[in-house]
Amino acid sequence: MKKIVAFLSAPYLMGTLFLVLAASMGVATFVENDFGTNAAKALYYDAWWFEGIFVLLGINMLLNLAKPFLWTKGKLPILLFHMSFLIIVIGAALTRYIGYEGMMHIREGQATNQFRSSKNYISGTVEKGGNEVSFEQAVLMSEKSEDYFKETVSIDGSRVKLQSVSFIKNTNLVPVEDPNGRPMLSMVVSAGGGRNNLTLFKGEHIQVGQYSIGFDTEVECDFNIYPSDDQLYFTAKHNVFITNMGTQEKTEVDLSEPKPFYSNVLYGTGSFFMVQTNYMDSAVLNAVPAKEGEQGSGLEAVVVRVDADGWQKEVTLQGRGDLVGEDKTVEIGDVTITLRYGSKILTAPFKIKLNDFQLERYPGSESPSSFASEVTLEDQRNGVVKDFRIFMNNILNYKGYRFYQSSYDTDELGTVLSVNNDLWGTLITYLGYFLMTLSMILSLITSKSRFRQLGRQIAEIGKQKKALSFALVVGLSTGMQAQDIDAYINVTQQQAEQFGKLWVQDNGGRIKPMNSMNGEVLRKLVKHNSFKGYSADRVVLSILSNTEAWKNVPLITVKKQPMKGIVGNTGKKASFSDFFGATGNYKLHNQVEEAYRTKPAYRTKFQNEVIKVDEQVNVFYLVQSGQLLKMFPIPGDVNATWLRPGENVSSLNEGDSLFVKNVFSVYLQALKEGNYEQAGTYLDAVSKFQAKFGNEILPSDGVRKLEIMYNNTNIFLLMAPVLFVLGFLLLIFQFVYLFLPKKSPKYVNRGGVALLGLFFVVYTAGMALRWYISGHAPWSNGYESMLFIGWSIHLAGLVFSKKSPIALSVAGVFAGIVLMVAHLSWMNPEITNLVPVLKSYWLTIHVAVIVASYGFLGLSALMGFFNLILIGLKKDSNEKKLDLSIVELSSIMEMSLTIGLYMITIGAFLGGVWANESWGRYWGWDPKETWSLVTVMIYAFILHMRFIPGLKSVVAFNVVSVIGFFSVIMTYLGVNYYLAGMHSYAKGDPVPVPDFVYYTVVTVFVVAVYAVYNSNRLKKFNT
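In every chain, residue numbers begin from 1 and rise along the written sequence. In view of the model being predicted, local features appear only for residues whose pLDDT reaches at least 70, and side-chain atom pairs are presented and counted only at 80 or more, with totals across whole chains, interfaces and linings using the full set of residues. By convention in this description, side-chain values take in all heavy atoms of the structure and omit both hydrogens and water.

Thoughts on the overall build of the protein
Thought 1: Under the DSSP-based scheme used, a helix requires at least four consecutive residues in state H or I and a strand at least two consecutive residues in state E, with every element numbered from the N terminus. From N to C terminus, the protein includes 26 helices and 33 strands.
Thought 2: The buried share of the protein, reckoned over its 1023 residues, is 49%.
Thought 3: Residue contacts are defined here by distance: any two heavy atoms, one from each residue, within 4.5 Å place the two residues in contact. When contacts within the protein are restricted to residue pairs at least 6 apart in sequence, long-range pairs at least 24 apart make up 64% of them.
Thought 4: Here the open area of atoms and residues is found with the Shrake-Rupley method and a 1.4 Å probe, where only the protein chains shown may cover a residue. Of the roughly 48,700 Å² that the protein leaves accessible, carbon and sulfur atoms contribute 57%. Accessibility here uses a 1.4 Å probe with only protein chains present; expressed as a share of the type maximum, an area under 20% marks a residue as buried, one over 50% as exposed, and anything in between as partly exposed.

Okay, here's the thing in structure tokens:
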């Protein structure tokens, strides 16, 4: 028994379970991407063995709680941590087995207490001899779990076995003859909007455009079709003609009496046509897999095998998670089995009435700004009538039920609310979150904690050695001199700046200075913020006023074959006109079509280049045609799309209409003629028009000035090389001094800290400026989160700069790299509006904590890589000195890893709370949140390695600290582009892996292997 207890409480068991859990969850996200959520849940998340891992971890924690040393005063943080984990597991179990979710659909003016379950069920009854047995089972059907459903029913001496044998994710319905079926008619119908394939069973009718069609129904329709004496007949309310398919000759039909409805004959009236394609006396619709490229019915199908009294039959059940399935009946002897597949109806003890659904959009855009449901809660049993407004991140909470704004009907007259009932599971889990967060904070501040011990250890090492560093201040200046471009620039810088101050509305509805739009255009065209030394404002305004000349200016980079051969340019860049032949044909037309038909994962480098170049060509076209210039607000309608120059709108009065139509063209003409004073007058008139009719939604002049200043300074782009070069040079000198007996001057370290501290202040000011301009925290998209990661790395370096100057140097290098990556072509620095779900203070808290953790974990990885290089360079002559630096850096790494792990764990908790406030569940195994947990498991293992025999070495710690960061990269970037989920950009359609990723992996592998080899070699040499 003691051996069993020792095994179950062993650190190596805990470490093994961490790794197995992390690996399982990582694999599950790819299974979900390829085969759906149900497959991942059936095979992993809801599997008995997966839950068993949590049970074993819980037992491990519980047994460790019994150890006496944990109940001493100094071990309170560890005690609370183990207790919190157990509480979280208990809360998750309650949610898993007791809580439930669903979706409630309500139309305006209606009230309901019913909602559909979020889970799918196979349910039904078995009848025999007047007796009936009901059953119901929640199922997770997928192509990888097609045998998930199993049920056995005993009734009146018979034993009925039910087993799912196959599953079809997306089906098409195909009619087949069946003696238990009904008469069925198939037709192809057109009402001017394309062909429609229809299937009507006896007694059904359907509306197609303006016309209704009925098949042997009592409902009076425009066309009534019915069988009689083995022949179909029809009557109609309209004149009908028959069209000869070959000659297209039309013949009127005498409808004084019912007429035969022949197959393969085209009947029509006006723009309506119909053809009978098939008729069966007794038929049913069988589900078959939709072919690739077909839309399909969207319904799922489960084939269930029924065994009873030695006989066997199969029945196909159709359904879907948002539908209550139809009953299907099968008889075997005197046993009747009725089955259905789909969600089930759940009932709340009160009603929700929808009084009004409200949808707000960003001005001039179809993008929702917010949507809300004005509802009344009606609880007759308790005499409660309560009005409430439900919108994103604002929930209705009543008697353990929580209602969230989820979606809405396309006609905006109905709402879809998600419903959650998980009071105890949520409360207990939140308690666990709180205790775990408290334990993490205490572990950072209590004197006997591991974190404080590491700090004292680093101080002791500092007494034995002097850190060596050297700082070099480098001023960087880049610029491009004008080269044969002066002739095309026909506007002054003053005119360009005045033009840049105008307001413009982008396609997302954001109102911003023209300066911002011009910068975005130029970055798309030439990949820079300026061109030949000219500003974006000046270049774009010159293109508008001197369009024909600019069509011949080489702007778009085309320097490789075979693209260069197709376009026909001689230099490294091509002009807009180079992309069109003598007849006006687009030279890349076929290549562009082929590239977009190819899935991103299978596109060649050439096809990716074609797409990029095509985008640049389109941008130039949109600029020169003025389609990006939505400059004129519509009087009296602040939510309308702004007008482009030259547009006509009937709602404008004559004067305003003429102004919008002509003012910009005469402004451009004045520029061409060099009459800048007159041009300035026109531009001032446009500005006054905007202020007069857009005053309600225009940002302030202060915001405009700050945004233009932000655009012109390019603060983050300029800081990237400065931080990188400064950090790199500091790191080189510190590296060199590790092998020299000399001491570096104190002012070198102090100077480096001072400079990087100053740049941190500038960095922070830039982030604050972007926050003020956008009106939301600057970490709402990929570009902004990269900026914040760089900021958090910079902060982490400053935090540990007193411990070791190398940490600060590494932070400078890494922050510079992150800023460089943020400004690559696939990152978009544009400031955009927020989608409704992100309009929450949780965005500020959750994302800030999560992304900041990446900085501390990233700093640890880079220091680990630096350490591996030092380990690989160790010799007998320098071993003692290098060991001091390696141990010092390893201690700093462990402190940084501890902070990073605590932050990503707390951030994941906060994300769960946000999800619960927005969607009604605190954990849903979305790939992003799952990979966050994978990262937590991996770093929990890394920090517990010191308890596991065989893994206590400094070398092992540094190796896994570097490798572990790949889980952070997967969480931050990989999920976005390779997995489908709520946090994903690519929806699971992967893009090719960049080449530098492979080089990085190989480099890390080689350095790590050599470090391990050299460390083992020195051990043997010394023994």
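Additional details are given in the paragraphs that follow.
Quick notes on the sheet that holds strand β15 (residues 259-260)
Thought 1: Two strands qualify as a pair provided that DSSP identifies no fewer than 2 bridges between them. Read from one edge to the other, the open sheet built from five strands follows the order β9-β10-β11-β12-β15, with strand pairing classed as mixed. A strand with exactly one partner marks an edge of an open sheet, and here the two such strands are β9 (205-208) and β15.
Thought 2: Across six bridges, strand β11 (residues 223-228) lies against strand β12 (residues 231-236) in antiparallel orientation. Paired with Ile225 across the strands is Phe234, a residue of β12.

Looking at the sheet that holds strand β21 (residues 335-342)
Thought 1: Overall, antiparallel pairing links the four strands, which are arranged β4-β3-β21-β20 in an open sheet. Both edges of this open sheet fall to β4 (131-139) and β20 (328-332), since each of them pairs with a single strand only. Across this sheet, the average inter-strand angle for adjacent strands is 15°, counted without regard to direction.
Thought 2: Strand direction decides the pairing type here: β20 and β21, joined by five bridges, are antiparallel. Only the contacting stretch of a helix is used when fitting its axis, a line to C-alpha atoms as for every element, and angles between N-to-C directions run 0 to 180 degrees.

Structural notes on the packing of helix α15 (residues 654-672) against helix α16 (residues 676-693)
Thought 1: Two elements in contact, α15 and α16, have axes whose closest approach is 9 Å; the angle formed by their N-to-C orientations is 150°. Compared by their axis directions, α15 and α16 come out roughly antiparallel. α15 and α16 meet at a crossing whose hand is left-handed. In this structure, α15 contributes Asp656, Phe659, Val660, Val663, Val666, Tyr667, Ala670 and Leu671 to the contact, and α16 contributes Tyr676, Gln678, Ala679, Tyr682, Leu683, Ala685, Val686, Phe689 and Phe693. In these notes the angle categories are as follows: under 35 degrees is roughly parallel, over 145 is roughly antiparallel, 65 to 115 is roughly perpendicular, and the rest is oblique. Helix crossings fall into two classes, left-handed where the near helix is turned counterclockwise from the far one by less than a right angle and right-handed where it is turned clockwise.

Quick look at empty space enclosed by the protein
A water-sized probe, rolled over the atoms, reveals where empty space remains.
Thought 1: Lining residues are defined by having an atom within 4 Å of a point belonging to a cavity or pocket. Those points lie on a 1 Å grid over the protein atoms alone, cavities being sets where a 1.4 Å probe fits but cannot get out and pockets being open sets with protein on both sides within 12 Å along at least five of seven lines. Grid points are joined across faces, edges and corners, and a volume is the space filled by probe spheres set on the points. What the rule picks out here adds up to three cavities of 30 Å³ or more.
Thought 2: Of the voids in this model, the largest cavity is the one considered here, and its volume is about 50 Å³.
Thought 3: Lining the largest cavity we find Met514, Met517, Asn518, Val521, Val540, Leu544, Val623, Leu628 and Leu629.
Thought 4: Among the secondary structure elements, those contributing two or more residues to the lining of the largest cavity are α9 (514-526) and α10 (536-545).
Thought 5: Here the lining of the largest cavity gets four residues from one element, more than from any other, and that element is α9.
Thought 6: For the lining of the largest cavity, the class distribution of residues is eight nonpolar, one polar and no charged. Following the grouping adopted for this structure description, the nonpolar residues are Ala, Val, Leu, Ile, Met, Phe, Trp, Tyr, Cys and Pro, the charged ones are Asp, Glu, Lys and Arg, and the polar ones are all others, Gly among them.

Quick notes on the side chain of Thr429
Thought 1: As for its position among the elements, Thr429 is in helix α6 (residues 423-445).
Thought 2: Excluding residues that lie within four positions of it along the chain, Thr429 makes contacts with Ile88, Gly91, Ala92 and Tyr922.

Section: a negative patch on the surface
Thought 1: The patch calculation keeps residues exceeding 30% relative accessible area without a salt bridge and links them within 9 Å when they carry like charges or within 5 Å when they are nonpolar (Val, Leu, Ile, Met, Phe, Trp, Tyr). Any carboxyl oxygen of Asp or Glu within 4 Å of a side-chain nitrogen of Lys or Arg constitutes a salt bridge here. Think of it this way: Lys and Arg go in the positive column, Asp and Glu in the negative one, and His and the chain ends go nowhere. The location of each charge is read from NZ of Lys, CZ of Arg, CG of Asp or CD of Glu. On the surface, Glu177, Asp229, Asp230 and Asp281 cluster together into a negatively charged patch.
Thought 2: Checked against the element boundaries, Asp281 lands in strand β17 (residues 272-289).

Examining the nonpolar core
Thought 1: Nonpolar cores are built from buried Ala, Val, Leu, Ile, Met, Phe, Trp, Tyr and Cys residues. Side-chain atoms within 4.5 Å join them into one set. Membership of the largest hydrophobic core comes to 126 residues, with the highest contact counts inside it found for Phe716 and Tyr763.
Thought 2: Among residues more than four places away in sequence, those in contact with Tyr763 are Phe716, Met719, Leu723, Met786, Leu787, Gly790, Trp791, His794 and Leu819.
Thought 3: Phe531, Ile556, Val558 and Ala574 belong to the second-largest nonpolar core, a separate cluster that totals 59 residues.

Notes on the pairing of strand β16 (residues 266-269)
Where a strand is regular, its side chains alternate between the two sheet faces.
Thought 1: In β16, alternate side chains face the same way, and those of Leu266 and Gly268 on one face and Tyr267 and Thr269 on the other are all buried.
Thought 2: When strand β13 (residues 241-243) meets β16, the two strands line up antiparallel, connected through three bridges. Across the sheet, residue Thr243 finds its bridge partner in β16, namely Leu266.
Thought 3: Of the pairings in the sheet, the one linking β16 to β17 comprises four bridges and is antiparallel in character. When the bridges of β17 are listed, Tyr267 appears paired with Met274.
Thought 4: Between β16 and β17, which pair antiparallel and follow one another directly, the connecting turn spans two residues, one of which, Gly270, has a positive phi of 60°.

Considerations on the pairing of strand β3 (residues 120-128)
Thought 1: Along β3, eight of the nine residues are buried, which leaves the element largely enclosed by surrounding structure.
Thought 2: Pairing of β3 with β4, which is carried by nine bridges, proceeds in the antiparallel orientation. Across the sheet, the residue bridging to Tyr121 is Ala138, located in β4.
Thought 3: Hairpin connection from β3 to β4: two residues lie between these consecutive antiparallel strands, with Gly129 at a positive phi of about 55°.
Thought 4: As paired elements, β3 and β21 share seven bridges and run antiparallel to each other. Its bridge partner being in β21, Glu127 is matched across the sheet by Thr336.

Quick look at the side chain of Asn1014
Thought 1: As for its placement among the helices and strands, Asn1014 is situated in helix α26 (residues 995-1022).
Thought 2: Classification of Asn1014 by relative accessible area gives buried; the value is 1%.
Thought 3: A polar contact of 3.2 Å, which involves the side chain of Asn1014, links it to the backbone oxygen of Gly872. Contacts described as polar in this section are N or O atom pairs within 3.5 Å, which, within protein, must combine one atom able to donate a hydrogen with one able to accept it, while residues neighboring in sequence count only if both atoms come from side chains.

Considerations on unusual backbone geometry
Thought 1: Residue Pro562 is reached from Gln561 by a cis peptide bond, and omega for that bond is 5°.
Thought 2: Mapped onto the fold, Pro562 is located in the loop between β32 (556-557) and α12 (563-567).
Thought 3: Unusually for a residue other than glycine, Asn714 sits at a positive phi of about 50°.

Comments concerning the confidence of the model for the protein
When pLDDT drops low, the exact placement of atoms in the prediction is not to be read closely.
Thought 1: Per residue, pLDDT captures the predictor's confidence, and it can take any value from 0 to 100. When the pLDDT values of the protein are averaged, the result is 83; 89% of them are 70 or greater.
Thought 2: Note that pLDDT drops below 50 for residues 984-989; the model gives that stretch 19 contacts with residues more than four away or on any other chain.

Focus: the packing of aromatic side chains
Thought 1: Any two of the Phe, Tyr and Trp rings considered here, Trp counted by its six-membered ring, make a pair once their centres fall within 6.5 Å; the pair's planes then place it as stacked at under 30 degrees, edge-to-face at over 60, or tilted in between. Tallied over the full model, the rule gives 42 aromatic pairs.
Thought 2: An angle of 40° between the planes, with centres 6.4 Å apart, marks the rings of Phe499 and Phe664 as tilted. Residue Phe499 is located in helix α8 (residues 493-500), and its partner Phe664 is located in helix α15; the two are separated by 165 residues in the primary sequence.
Thought 3: The interplanar angle of 5° and the centroid separation of 5.8 Å between the aromatic rings of Phe724 and Phe728 together place this pair among those described as stacked. Residue Phe724 and its partner Phe728 are located together in helix α18 (residues 715-737), separated by four residues, close to a single helical turn.
Thought 4: Overall, Phe724 belongs to the partly exposed group, its relative accessible area being 25%.
Thought 5: A connected cluster of aromatic rings, assembled from ring pairs, spans Tyr44, Tyr45, Trp49, Phe50, Phe54 and Trp925.
Thought 6: A cation over an aromatic ring shows up here: Arg96 above the ring of Tyr97, its NZ or CZ 4.8 Å from the ring centre.
Thought 7: For a ring to carry a charge above it, either NZ of a lysine or CZ of an arginine must fall within 6 Å of the ring centroid while also lying within 35 degrees of the normal to the ring plane. If you follow Lys344 out to its NZ or CZ, it ends over the ring of Tyr121, 4.5 Å from the centre.

With respect to the pattern of salt bridges
Thought 1: Taken as a whole and assessed by the stated rule, the structure comprises 22 salt bridges.
Thought 2: Linking Arg96 and Glu51 is a salt bridge whose minimum nitrogen-to-oxygen distance equals 2.9 Å. Of this pair, Arg96 sits in helix α5 (residues 76-97) while Glu51 sits in helix α4 (residues 48-65), placing them 45 residues apart in sequence.
Thought 3: For the salt bridge of Arg305 with Asp307, the shortest nitrogen-to-oxygen distance reads 3.7 Å.
Thought 4: A relative accessible area of 27% places Arg305 in the partly exposed class.
Thought 5: A single network of salt bridges, built from pairs that share partners, joins Asp46, Glu51 and Arg96.

Some details on the packing of α9 against helix α14 (residues 605-624)
Thought 1: As a packed pair, α9 and α14 sit with axes 8 Å apart at the nearest point and diverge in direction by 140°. When the interaxial angle is binned, α9 and α14 end up oblique. By crossing handedness, the relation of α9 to α14 is classed as left-handed. Of the residues in α14, those touching α9 at Val521, Lys524, Leu525 and Val526 are Glu615, Gln616, Val619, Phe620 and Val623.

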